[in-house]
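Summary of structural features
Residues per chain, in single letters:
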Amino acid sequence: GTAAPEDAATKIELTGDGATFTGGGVAVNGSVVTISAAGEYSVSGTLDNGQIVINTGDEAMKVTLTLNNASITCLDAPAIMVEKADKLKLVLADGSDNTVTSGVEGAALSADASGAAIFSNDDLDIEGSGKLTVNGYINNGIASKDDLKIQGGSIIVNAVNNGLRGADSVQIEAGTLVISAGNDGIKSATTDKDGKGFITVNGGDVTVSASGDGIDAATTLDIYTH
């Protein structure tokens, strides 16, 4: 018979100081889990001080990573790091409760700190109906160097710097977001690319508590109320 789609996904089980997996496209080195091939991956369990790294190499392929009751902590770097991928689709599994933390609560923001608890060099889409708490105790909460899109989920972001940062753009289309930020709540930064640097809120429920700007768009900000 034909396998159900979820059976095609590589399953990653975090085990505190490491991980086990069934399926392909994954390597585990200590507490670092590296995904190196296009496809679908599902992760559950707890990682006390480690990383999930996505790097599909020069071909930059699409990866779907489903968080299904996962708790991922990295004390000194992004807990989920997209080094290279055409796009990471991060799915919050229905009924799941997930936490992604970088750094240690109460630590001061250092001048040379960079990155985020969830950091992507490429496009990042977040969708699904589950819960996600992101603690960016090093710098930002969720950040993409390209386009960041939120299409679902119940997401809480606590960050010492920016809550959500999409260098090229931030688009919020659905979901519930509660952001607490030591600097700007939602930020885009690119000013030198045509049509980029924008923030669009076109749906969802967004609450921002920020010491800096609530929403800071490098170019245009569009908020549509329906």
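About the thresholds
Each chain has its residues counted from 1, following the order in which its sequence is written. For this predicted model, a pLDDT threshold of at least 70 governs which residues receive local features, and a threshold of 80 or more governs which side-chain atom pairs are given and counted, while totals over whole chains, interfaces and linings are taken from all residues. The side-chain quantities take in all heavy atoms of the structure and omit both hydrogens and water. Runs of H or I in DSSP of at least four residues are treated as helices and runs of E of at least two as strands, each being numbered from the N terminus. The size measure is the radius of gyration over C-alpha atoms, and the globule rule it meets is 2.2 Å times the number of residues to the 0.38 power. Partly exposed describes any residue whose relative accessible area lies between the buried limit of under 20% and the exposed limit of over 50%, with all areas from a 1.4 Å probe on protein chains only and scaled to the type maximum. A contact between two residues is defined here by any heavy atoms of the two lying within 4.5 Å. Following DSSP output, two strands are said to pair if at least two bridges run between them. By salt bridge we mean one thing: a side-chain nitrogen of Lys or Arg within 4 Å of a carboxyl oxygen of Asp or Glu.

Section: the overall build of the chain
Looking only at helices and strands, one finds 1 helix and 22 strands in the chain. For the chain, the C-alpha radius of gyration of 17 Å lies close to 17 Å, the compact-globule estimate for 226 residues. A principal-axis box enclosing the C-alpha atoms of the chain has dimensions of 50 × 40 × 35 Å. Within the chain, the fraction of its 226 residues that count as buried is 48%.

A short note on the side chain of Ser144
Position of Ser144 among the secondary structure elements: in strand S14 (residues 140–144). On the accessibility criterion, Ser144 (2% relative accessible area) is buried. With residues near it in sequence (within four places) discarded, Ser144 still touches Ser120, Asp122, Asp123, Leu124, Arg165, Gly166 and Ala167.

Let's talk about the pairing of strand S5 (residues 39–47)
Here strand S1 (residues 10–16) runs beside S5; their pairing, made up of 7 bridges, is parallel. Paired with Leu14 across the bridge in S5 is Gly45.

Observations regarding the pattern of salt bridges
Under the counting rule described, the total for this entry stands at 5 salt bridges. The closest approach of N and O atoms between Lys196 and Asp147, which form a salt bridge, is 3.0 Å. Residue Lys196 is found in the loop between strand S18 (186–187) and strand S19 (198–201), and its partner Asp147 is found in strand S15 (residues 147–159); the two are separated by 49 residues along the sequence. When its relative accessible area of 24% is taken as the criterion, Lys196 is described as partly exposed. Classification of Asp147 as buried rests on a relative accessible area of 16%. A salt bridge links Asp216 to Lys187, with the shortest nitrogen-to-oxygen separation between them at 2.7 Å.

Comments concerning unusual backbone geometry
For Asn69, which is not glycine, the phi dihedral falls at a positive 60°. Take Asn69: it is sitting in strand S7 (residues 62–74).

Examining the environment of Gly103
Within the secondary structure, Gly103 sits in the loop between strand S10 (97–102) and strand S11 (116–120). Residue classification places Gly103 among the buried residues on the basis of a relative accessible area of 7%. For the pair Gly103 and Ala77, spaced 26 residues apart in sequence, the C-alpha separation works out to 7.2 Å. Other than its neighbours up to four places away in sequence, Gly103 contacts Cys74, Leu75, Tyr137 and Ile138.

Things to note about the sheet that holds strand S4 (residues 32–35)
A sheet is described by the order of its strands in space; here 9 strands give the open sequence S3-S4-S6-S8-S11-S14-S16-S18-S21, paired in mixed fashion. Lying at the two open borders of the sheet, with one neighbouring strand each, are strand S3 (26–29) and strand S21 (215–216).

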